[in-house]
Amino acid sequence: MGHELGTRNQELGTFMAHIVAIFGGAVSGAEAAFQLSQRGIRSVVFDQNVLPYGKIEDGLPKWHAKLRDQEEAKINQKLNHELVEFVPKCALGKEIDFEDLVQNWGFSAILLATGAWKDRPLSIGGINKFIGKNFHYQNPFIYWFNHFHEPNFSGQNIEIHNGAIVIGGGLASIDVCKALMLLYVEKALKNRGIETNILELEKGINRKLNELNLTLEDLGIEGCTLYYRRRIKDMRLSPIPADSPEKLSKIQMIREKILNNARKKFLFNVEELHIPIDKIEENGELKGLIFQKTEIIDGKSIPIKNSEKEVYSPMIISSIGSIHVPIKGIPMKWQTFDIDQENCCRLRGFKNVFALGNAVTGRGNIIESAKHDRKVTSKVADEYLVETGDLIEKKVEEKTSSISKQINNIFGQIEKLNPPNTYKPIHKN
């Protein structure tokens, strides 16, 4: 902890009238804590892990070492404030019951910055029975990719096969294709007695092969293929909003440029306007997928009748986005939290519970998350908390006792979870 829980400044005028709970300490949670601290509002940040880095730690492929260090440093800096308490290893829905939190803990507001840790299911009946065999989802695949080389790695091993199918259309799916191509080429070069590594190849597979006067065909590499249900220019590869026809045209060119640069550098294949509709199963084994071609009509992806085709592959990876892990007591709408977007992303049915970041956007873009966090947290602080703060201020004498009880109650609840000496410090005292 940045400072002892015992020094709570409980006397009127020296403690804050508001204490906000934030669940999730990564990009979204840290930004929320920072926005609150800049307004003199105290917060308690709970995280399910020992450290608050979330998918920055394990969701980014390992070649993003510099970006990972930069983002983790930003998180540390934002949590390094005397008005911010960090409580590790406390997951909402596990160590902390949501309904008990809302009813009994006494926080002025609760911000859900829990992110999106669960892969969006691929809508093909029976496909999940092949998980861990020749079918994988993006999140466990990237986790394996980041850690399988470690001597003490004890997770499930993933066998890599040439000619993999990747289902997706965003930056994360490009990362999956990139990881596969790096693994293919590293192994093929090693078989030829040519030593290299992932970080060297990450500078450009095309450049390395040009230096060696080799091609993928020479190495016997078919490569992976990314299948996308819309056009390349529709891919979510840029966070810039397309709020006008002029901007849309420019952004579409940017999307195509990003994808084409990645293809040129890492040599993977792309099939646009294809949607998977069924699996190919033979003798109890997954052998591939059946795709149907699509067309874009009035901005919608429409399947074309009688355009089905079978694509055989020994490996399939679904990278179609991430969703929330359901938490008991939190209302859901389809696969996301049921929130009122127009009312500060307030959780429906709850006056003082709000969601932000990937918990709302459903995308893992760091810039998008931080922007959304600032917007929501600022509105909560400047509108909701100001309104309730005014009510408190009008009845200061009446509220002195109850606010003291509120603070005692909150930290009493935290102390039940973990004795103060077990907290992991994020910043120096």
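What you are looking at is a predicted structure, and each value in this text was computed from that prediction instead of being measured.

A. Spotlight on the side chain of Ser378. Locating Ser378 in the fold gives a position in helix H12 (residues 366-394). When its relative accessible area of 17% is taken as the criterion, Ser378 is described as buried. The residues touching Ser378, leaving out its near neighbours within four places in the chain, are Gln35, Arg39, Asp373 and Glu383.

B. Summary view of the pattern of salt bridges. Under the defined criterion, the tally for this structure stands at 12 salt bridges. Put simply, Glu31 and Arg374 hold a salt bridge, and the shortest N to O gap is 4.0 Å. Highlighted residues: Glu31 in helix H1 (residues 27-37) and Arg374 in helix H12, separated in sequence by 343 residues. A relative accessible area of 36% means that Arg374 is categorised as partly exposed. Connected through salt bridges with shared partners, the residues Glu31, Lys78 and Arg374 form a single ionic network.

C. Structural view of the nonpolar core. If you look at the biggest cluster of nonpolar residues, it comprises 55 residues, and the most contacted ones within it are Phe46 and Phe107. At six residues, the largest contribution of residues to this core is made by H12. Ranked by size, the runner-up nonpolar core spans 41 residues in total, among them Leu182, Tyr184, Ile221 and Leu237.

D. Focus on unusual backbone geometry. We note that Leu267 has phi near 65°; this positive angle belongs to a residue other than glycine. Examined against the element boundaries, Leu267 turns out to sit in the loop between helix H10 (245-266) and strand S9 (269-271). Here Asn306, not a glycine, exhibits a phi torsion of approximately 60°, which is positive. Considering the arrangement of structural elements, one finds Asn306 in strand S12 (residues 300-312).

E. Structural view of the sheet that holds S9. Spatial ordering of the open sheet is given by S6-S13-S7-S8-S9, a layout of five strands whose pairing is parallel. Lying at the two open borders of the sheet, with one neighbouring strand each, are strand S6 (135-137) and S9. Each strand axis lies, on average, 20° off the axis of its neighbour in the sheet, ignoring direction. Across the sheet, helix H5 (residues 138-147) is in contact with S6 and strand S13 (316-318); its angle to S6 comes to roughly 90°.

F. Spotlight on helix H8 (residues 205-212). Along H8, the residues classified as buried are Ile205, Lys208 and Leu209. Axial view of H8: buried residues confined to an arc of 95°, hence all on one face. Exposed residues pointing more than 90 degrees away from the buried face of H8 are listed as Asn210 and Glu211. Contacts from the buried residues of H8 go to helix H6 (171-191), helix H7 (198-201), helix H9 (216-219) and H10. Looking one or two places after H8, you find Asn213, whose phi comes out positive at around 55°.

Basis of the calculations
- Residues numbered from 1 in each chain as written.
- Predicted model: local features only at pLDDT ≥ 70, side-chain atom pairs only at ≥ 80, totals over all residues.
- Heavy atoms only, no water.
- Helix = DSSP H or I, 4+ residues; strand = E, 2+ residues; numbered from the N terminus.
- Buried < 20%, exposed > 50% of the residue type's maximum accessible area, 1.4 Å probe, protein only.
- Contact = heavy atoms within 4.5 Å.
- Salt bridge = Lys/Arg side-chain N within 4 Å of Asp/Glu carboxyl O.
- Core = buried A, V, L, I, M, F, W, Y, C linked by side-chain atoms within 4.5 Å.
- Pairing = 2+ DSSP bridges.
- Axes fitted to C-alpha atoms, helices over the stretch in contact; angles between N-to-C directions.
- Arc of directions from axis to C-beta.

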